[in-house]
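Below are the chains, spelled out letter by letter.
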Amino acid sequence: MNRTLWSIFIDACLINNFVLAYFLGICPFLGVSGSLANAARMGGAVTFVMLISSTTAYGMQKLLVSLDATYLSLISFIAVIASTVQVVEMFIRKTSPALFRSLGIFLPLITTNCAILGVALFQTNKGYGFAQSIVFALGAGAGFTLALVLMAGLRERLDLADTPNIVKGTAITLILAGLLSIAVMGFSGLLS
């Protein structure tokens, strides 16, 4: 399948958004999206980890195919993701202690974020080349950040609204997530 880089980016960002279409990475989506600033920063960290993981997953897959050891793909991808997250965590702790504290437990949980592993597995299964893998990771990261920022904006706005007690908190958050997911379904025919 010969797709343009732009169509791969749009597909990963909007049409098949990892959070709103595949429901991958829901934990940070619901946990960090309380503040717009935290959501944007978490989206940036996840995008960076997706990009590094995608790049190394591409190289690792080529190596494992040449060694006829593709059965090691999953564990290799997990090791790369865990290592990358540790580097990102140390960097954020050194450069922005306030951000490190505000992201709390969700920063180390990037390691177990299924959206990041999904990027590595999806690009491998789709047979993407190096440039396509990078664009796919950037699109998935942009889509993840978009979902976080949209949800954070809605939640900040909702804090100012007069909501009935019966739907305050988790209930309204899940309703908003469902509505965002339905809205993303509108992009499904974009590249047809």
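## Concerning the side chain of Gln-123
Part 1 of the argument: Mapping Gln-123 onto the fold places it in helix H6 (residues 114-126).
Part 2 of the argument: A relative accessible area of 2% places Gln-123 in the buried class.
Part 3 of the argument: Ignoring any residue separated from it by four or fewer positions in sequence, one finds Gln-123 in contact with Ser-54, Ala-57, Tyr-58, Tyr-128, Ser-133 and Phe-136.

## Some words on the nonpolar core
Part 1 of the argument: Ranked by size, the top nonpolar core spans 43 residues in total, and within it Phe-29, Met-50 and Ile-110 carry the most contacts.
Part 2 of the argument: When residues of this core are traced back to their parent elements, those giving at least two are helix H1 (5-15), helix H3 (36-66), helix H4 (73-95), helix H5 (97-103), H6, helix H7 (130-160) and helix H8 (170-184).
Part 3 of the argument: No other element matches H7, which puts nine residues into this core.
Part 4 of the argument: Once you skip the residues sitting within four places of it in the chain, Ile-110 turns out to touch Met-42, Ala-45, Val-46, Val-49, Ile-81, Val-85 and Ile-116.

## Looking at the pattern of salt bridges
Part 1 of the argument: Under the criterion given, the structure shown has one salt bridge.
Part 2 of the argument: A salt bridge links Arg-93 to Glu-89; the nearest nitrogen and oxygen atoms lie 3.6 Å apart. Separated by four residues within a single helix, Arg-93 and Glu-89 lie in helix H4, roughly one turn from each other.
Part 3 of the argument: On the basis of relative accessibility, which here comes to 45%, the residue Arg-93 falls in the partly exposed class.
Part 4 of the argument: Taking the relative accessible area as the measure of exposure, Glu-89 reaches 10% and is therefore buried.

## Comments concerning the packing of H6 against H7
Part 1 of the argument: Orientation of H6 relative to H7, taken along the N-to-C sense of each, is 145°, at an axis distance of 10 Å. Crossing of H6 over H7 shows right-handed handedness. Where H6 approaches H7, its residues Ala-115, Val-119, Phe-122, Gln-123 and Lys-126 are matched on the opposing element by Ser-133, Phe-136, Ala-137, Ala-140 and Phe-144.

## Overview of the environment of Phe-18
Part 1 of the argument: Looking at the element boundaries, Phe-18 is found in the loop between H1 and helix H2 (26-31).
Part 2 of the argument: Each C-alpha atom of the pair Phe-18 and Val-119 lies 8.7 Å from the other, and the pair is 101 residues apart in sequence.
Part 3 of the argument: In contact with Phe-18, not counting residues within four places along its chain, are Ala-12, Phe-23, Leu-24, Ala-115, Gly-118, Val-119, Phe-122, Phe-136 and Ala-140.

## Thoughts on the confidence of the model for the chain
Part 1 of the argument: Across the chain, the average pLDDT comes to 86, with 97% of residues at or above 70.
Part 2 of the argument: Ranking the elements of the chain by mean pLDDT puts H5 last with 79 and H1 first with 93.

## Quick word on the packing of aromatic side chains
Part 1 of the argument: Applying the stated criterion to the full structure yields seven aromatic pairs.
Part 2 of the argument: Summarising the aromatic geometry, the rings of Trp-6 and Phe-9 are spaced 5.9 Å apart at their centres and angled 15° between planes, so their arrangement reads as stacked. In this pair, Trp-6 and Phe-9 both sit in helix H1, three residues apart, roughly one turn of the helix.
Part 3 of the argument: With a relative accessible area of 59%, Trp-6 lands in the exposed category.
Part 4 of the argument: Overall, Phe-9 belongs to the partly exposed group, its relative accessible area being 22%.
Part 5 of the argument: Between Phe-18 and Tyr-22, the aromatic rings sit 5.7 Å apart at their centres with planes inclined by 85°, giving edge-to-face as the arrangement.
Part 6 of the argument: A relative accessible area of 32% means that Tyr-22 is categorised as partly exposed.

## Considerations on the environment of Leu-30
Part 1 of the argument: The topology assignment puts Leu-30 in helix H2.
Part 2 of the argument: Relative accessible area serves as the criterion here: at 27%, Leu-30 is assigned to the partly exposed category.
Part 3 of the argument: For Leu-30 and Ala-177, which are 147 residues apart along the polypeptide, the C-alpha to C-alpha distance reads 8.4 Å.
Part 4 of the argument: The residues touching Leu-30, leaving out its near neighbours within four places in the chain, are Met-151, Arg-155, Thr-173 and Leu-174.

The rules behind the values
The residue numbers shown here count from 1 along each chain, following its written sequence. Residue-level local features of this predicted model are given only where pLDDT is at least 70; pairs of side-chain atoms are given and counted only at 80 or more, and the full residue set underlies all totals for whole chains, interfaces and linings. The basis for every side-chain value is the complete set of heavy atoms in the structure, and neither hydrogens nor water enter the calculation. Strands here are runs of E lasting at least two residues and helices are runs of H or I lasting at least four, both read from the DSSP assignment and numbered beginning at the N terminus. Residue exposure (1.4 Å probe, protein chains only): buried if accessible area is under 20% of the type maximum, exposed if over 50%, otherwise partly exposed. Only heavy atoms enter the contact rule, under which two residues are in contact if any of them lie within 4.5 Å. To qualify as a nonpolar core, a set must consist of buried Ala, Val, Leu, Ile, Met, Phe, Trp, Tyr and Cys residues joined through side-chain atoms within 4.5 Å. Each reported salt bridge corresponds to a side-chain nitrogen of Lys or Arg within 4 Å of a carboxyl oxygen of Asp or Glu. To obtain an axis, a line is fitted to C-alpha atoms, over the contacting stretch when the element is a helix, and the angle between two such axes runs from 0 to 180 degrees between their N-to-C directions. Whether a crossing is left-handed or right-handed is set by the direction in which the near helix is turned from the far one by less than a right angle, anticlockwise for left-handed and clockwise for right-handed. The pLDDT value tells you how sure the predictor is about a given residue, anywhere from 0 up to 100. Between rings of Phe, Tyr and Trp, where Trp is taken as its six-membered ring, a pair exists when centres lie within 6.5 Å; planes separated by under 30 degrees are stacked, by over 60 edge-to-face, and by other angles tilted.

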